[in-house]
Amino acid sequence: MNDNNIQLQHFILNEQKRFPYAKGDFTLLLSDIILAGKIISREVNKAGLVEILGLTGMENVQGEQVQKLDDFANSSFLNILSKNESVGGVASEEMAEPDYFTNHTKARYCVLFDPLDGSSNIDVNVSIGTIFSIYKLLKEGECTENDFLRKGSEQVAAGYILYGSSTMLVFTTGEGVHGFTLDASLGEFLLSHEDMKIPEPSKRYYSVNEGNFKYWEKNVQEYVEYLKNSEKPYSLRYIGSLVSDFHRNLIYGGIFMYPLDHKNPEKPKGKLRLMYEANPLALIAKHAGGKASNGIDDILEIKPIEIHQREPLYIGTKSFVNEAIAFINGGKK
Ligand code: AHG
Ligand code: MN
Ligand code: MN
């Protein structure tokens, strides 16, 4: 620990000076999210030793098999945030409907989260994460569905916790993007990456599940072929956990994409969820000098219709995302 590894709460308090309206409840909310992250990190790091691997045998609203750790992570957030009077309600990938804390009559925020991202990687010990997104309530003390159906540009904070070789918290409150690494011996997140910026990289990475190639639109197929045949080669990296693939982009630069696919010919769609996957990472990308698009619109400017809606996602180094958008909208190279 060197002298600039300041402890997270000190950092948030400094940030808080930039949040005159926050009155300390914002700091407490971030601290609660971090507490949930520490609890999940503890379970993730001993997953092989306790009965928490594998499936619950249940299906979530997305029609996906719910892993025990998905469930544990979701309950951890619910238990903690339902006791925080400044939170009026929460929405989660693992819950069909939001939970409204109607007894929190002084609430000022609502929180959306993907409690465990990359669930398919849990049983094979590959990095997974938690993604969270915070909005100010439209009306203090009242939380309705409209509080959740907001453009990503209205988020007051967004971040993720990455349970990888180390447990890292990366978040933004609109004043830069900052990374903290958990010192498990202290149980504290310490500042390790201040004011992170997505580089314009010399070594170029692209990140996509090429197994879906035959389901993509023609322009997208041609764009990926262009990347593979460009004289300055790209390297393909794909972990299958969005948080980990995004985090690599944040550190090394590159582009991550999950294009629209025609797996269901009647209903072509993206896979990733706008409200608790694309939006929070798009806010981080923006404040780290990058960009996020659904292939046509800026992710942060999409007005959501429903909480679990899915969007195609192109996110990472701004020039790469701009090139992808131009290419797949007909402006071929
Ligand atoms: P989740 O585990 O929260 O459902 O998210 C999984 C997502 C995301 O983490 C990742 O980018 C993507 O699914 C991988 O999908 P494929 O396995 O289809 O590539
Ligand atoms: Mn996810
Ligand atoms: Mn998930």
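Calculation notes
- Residues numbered from 1 in each chain as written.
- Chains lettered and ligands numbered in written order.
- Predicted model: local features only at pLDDT ≥ 70, side-chain atom pairs only at ≥ 80, totals over all residues.
- Heavy atoms only, no water.
- Donors = N, O, S within 2.8 Å, 3.2 Å for Na, K, Ca; no water.
- Buried < 20%, exposed > 50% of the residue type's maximum accessible area, 1.4 Å probe, protein only.
- Core = buried A, V, L, I, M, F, W, Y, C linked by side-chain atoms within 4.5 Å.
- Helix = DSSP H or I, 4+ residues; strand = E, 2+ residues; numbered from the N terminus.
- Domains from an automatic or database assignment.
- Phe/Tyr/Trp six-rings, centres within 6.5 Å; stacked < 30°, edge-to-face > 60°.
- Axes fitted to C-alpha atoms, helices over the stretch in contact; angles between N-to-C directions.
- Parallel < 35°, antiparallel > 145°, perpendicular 65-115°, else oblique.
- Left-handed = near helix turned anticlockwise from the far one by under 90°.
- Contact = heavy atoms within 4.5 Å.
- Nonpolar A, V, L, I, M, F, W, Y, C, P; charged D, E, K, R; others polar.
- Buried area = accessible area lost by both parts, 1.4 Å probe.
- Salt bridge = Lys/Arg side-chain N within 4 Å of Asp/Glu carboxyl O.
- Polar contact = N/O pair within 3.5 Å; in protein donor to acceptor, adjacent residues only side chain to side chain.

Considerations on the coordination of the manganese ion (ligand 2)
Then step 1. Protein ligation of the manganese ion (ligand 2) involves Asp114 (OD), Asp117 (OD) and Glu277 (OE), the donor distances falling in the range 1.9 to 2.1 Å.
Then step 2. Read from N- to C-terminus, the donor residues coordinating the manganese ion (ligand 2) fall into the pattern D-x2-D-x159-E.
Then step 3. A separation of 3.7 Å is found between the manganese ion (ligand 2) and the manganese ion (ligand 3), which are bridged by Asp114.
Then step 4. Classification of Asp114 by relative accessible area gives buried; the value is 0%.
Then step 5. Asp117 gets classed as buried once you look at its relative accessible area, which sits at 5%.

Focus: the nonpolar core
Then step 1. Among the nonpolar cores identified, the biggest contains 42 residues, and Tyr160, Leu250 and Leu313 are the most heavily contacted of them.
Then step 2. Among the secondary structure elements, those contributing two or more residues to this core are β5 (109-117), β6 (128-136), β7 (157-163), β8 (167-172), α6 (242-252), β13 (255-258), α7 (274-287) and β15 (313-316).
Then step 3. The dominant element in this core, judged by the number of residues it contributes, is α7, at nine residues.
Then step 4. Among the domains, domain 1 (8-193) and domain 2 (205-328) are the pair contributing at least three residues each to this core.
Then step 5. Val87, Met95, Tyr163 and Leu191 belong to the second-largest nonpolar core, a separate cluster that totals 39 residues.

Comments concerning the packing of aromatic side chains
Then step 1. All told, the structure shown has 14 aromatic pairs when counted by the stated rule.
Then step 2. With a centroid separation of 5.9 Å and 20° between ring planes, the pair formed by Phe171 and Phe180 is classed as stacked.
Then step 3. The class for Phe180 is buried, based on a relative accessible area of 0%.
Then step 4. Ring centres 6.0 Å apart and planes at 20° place the aromatic pair Tyr205 and Tyr252 in the stacked group. Taken together, the positions of Tyr205 in strand β11 (residues 204-207) and Tyr252 in helix α6 put the pair 47 residues apart, joining distant regions of the chain.
Then step 5. For Tyr205, a relative accessible area of 9% translates into the label buried.
Then step 6. Feature note: the residues Phe11, Phe171 and Phe180 constitute an aromatic cluster, connected by ring pairs.

Regarding the packing of helix α5 (residues 218-229) against helix α8 (residues 318-328)
Then step 1. Interaxial distance between α5 and α8 falls to 9 Å at its minimum, and their mutual angle equals 135°. The pairing of α5 with α8 is recorded here as oblique in orientation. For the pair α5 and α8, the sense of crossing is right-handed. Judged by residue contacts, Asn219, Val220, Glu222, Tyr223, Tyr226 and Leu227 of α5 engage Phe320, Glu323, Ala324, Phe327 and Ile328 from α8.
Then step 2. By residue class, the composition of the contact of α5 with α8 is eight nonpolar, one polar and two charged.

Notes on the domain arrangement of the chain
Then step 1. According to the domain assignment, the chain contains domain 1 (8-193) and domain 2 (205-328).
Then step 2. Placing the centre of domain 1 and that of domain 2 at their C-alpha centroids yields a distance of 23 Å.
Then step 3. The interface is formed by 45 residues belonging to domain 1 together with 31 residues belonging to domain 2.
Then step 4. Of the roughly 2,900 Å² buried at the junction of domain 1 and domain 2 (both faces included), carbon and sulfur atoms supply 63%.
Then step 5. Taken as a group, Leu149, Lys151 and Tyr160 account for 21% of the area that domain 1 buries against domain 2, more than any other trio of residues on that side.
Then step 6. In this assembly, domain 1 and domain 2 are joined by two salt bridges.
Then step 7. A salt bridge links Glu301 to Lys151, with the shortest nitrogen-to-oxygen separation between them at 3.4 Å.
Then step 8. Counting the contacts that link domain 1 with domain 2 gives 16 residue pairs in polar contact (both at pLDDT 80 or more).
Then step 9. Elements with a contribution of two residues or more to the side of domain 1 that touches domain 2: β3 (87-92), β5, β6, α4 (145-148), β7 and β8.

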